[in-house]
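Secondary and tertiary structure notes
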Amino acid sequence: MPQAPRKASATHTEISTAMRNLIAGYLAVSVGAIALLLFGGDPSSGIFLVIFALPWSLFVSQVSGLLGIDSAALNLALLAIGVGINGALLYLLGRRLRRRQSPS
């Protein structure tokens, strides 16, 4: 009699501690870059946030142009979304690597 496929246990789908620390560090540094941009006096301090939001930061001016809004708040929100996407991609990469390492 055929058996239903087994559902992966929680231990096989969780990410490793090193990857979790990498994601937490990336998000902490990115939030620090946002705080530096908001509370720092120098407008050029936003370059750190642009770097952490790559490759999504390349599309910020295009999206702003499509919306017809030239706003610093919109640019900051789009960069924060880019940082979030990068964090989610790191998490998914960690899950995929963990699945690949675990025995079947």
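Conventions and cut-offs
Residues numbered from 1 in each chain as written. Predicted model: local features only at pLDDT ≥ 70, side-chain atom pairs only at ≥ 80, totals over all residues. Heavy atoms only, no water. Helix = DSSP H or I, 4+ residues; strand = E, 2+ residues; numbered from the N terminus. Buried < 20%, exposed > 50% of the residue type's maximum accessible area, 1.4 Å probe, protein only. Contact = heavy atoms within 4.5 Å. Areas by Shrake-Rupley, 256 points an atom, 1.4 Å probe, with all protein chains shown as cover. Core = buried A, V, L, I, M, F, W, Y, C linked by side-chain atoms within 4.5 Å. Axes fitted to C-alpha atoms, helices over the stretch in contact; angles between N-to-C directions. Parallel < 35°, antiparallel > 145°, perpendicular 65-115°, else oblique. Nonpolar A, V, L, I, M, F, W, Y, C, P; charged D, E, K, R; others polar. 1 Å grid on protein atoms, 1.4 Å probe; cavity = no way out; pocket = protein on both sides within 12 Å on 5 of 7 lines; lining within 4 Å. Points joined across faces, edges and corners; volume = space filled by probe spheres on them.

Take the overall build of the chain next. Scanning the chain from N- to C-terminus turns up 5 helices and 0 strands. Start at the N end of the chain and walk to the C end: the helices and strands fall as α-α-α-α-α. Burial statistics for the chain: of 104 residues in total, 21% are counted as buried. A sequence separation of at least 24 residues applies to 65% of the contacts in the chain between residues at least 6 apart. When the accessible surface of the chain is totalled, it reaches about 7500 Å², and 68% of it is carbon and sulfur.

Grouped together as the largest cluster of nonpolar side chains are 8 residues: Tyr26, Ala33, Leu49, Ala53, Val60, Leu76, Leu79 and Val83. Among the elements of the structure, α2 (17–39) and α5 (72–101) are those that each provide at least two residues to this core. No other element matches the 3 residues that α5 contributes to this core. Those residues in contact with Tyr26 that sit more than four places away from it in its chain are Phe52, Val83, Asn86, Gly87 and Leu90.

What follows covers the environment of Phe52. In this fold, Phe52 is placed in helix α3 (residues 47–52). Taking the C-alpha atoms as reference, Phe52 lies 9.2 Å from Leu27; in sequence the two are 25 residues apart. Setting aside its immediate chain neighbours within four residues, Phe52 contacts Tyr26, Val29, Ser30, Ala33, Val83 and Asn86.

Further remarks concern the packing of α2 against α5. Direction vectors running N to C along α2 and α5 enclose 175 degrees, while the axes themselves pass 10 Å from each other. On the basis of the axis angle, α2 is roughly antiparallel to α5. Contacts between α2 and α5 involve Met19, Leu22, Ile23, Tyr26, Leu27, Ser30, Ile34, Leu37 and Leu38 from the former and Leu76, Ala80, Val83, Asn86, Gly87, Leu90, Tyr91, Leu93, Gly94 and Leu97 from the latter. Taken together, the residues of the contact of α2 with α5 sort by class into 15 nonpolar, 4 polar and no charged.

This part covers the layout of surface pockets. Counted as a void, the largest pocket has a volume near 190 Å³. For the largest pocket, the full set of lining residues is Leu37, Leu38, Gly46, Val50, Val60, Ala72, Ala73, Asn75, Leu76 and Leu79. Mapped onto the lining of the largest pocket, the elements with two or more residues apiece are α2 and α5. Among the elements that take part in the lining of the largest pocket, α5 stands out by supplying 5 residues, more than any other. Here the residues of the lining of the largest pocket sort into 8 nonpolar, 2 polar and no charged.

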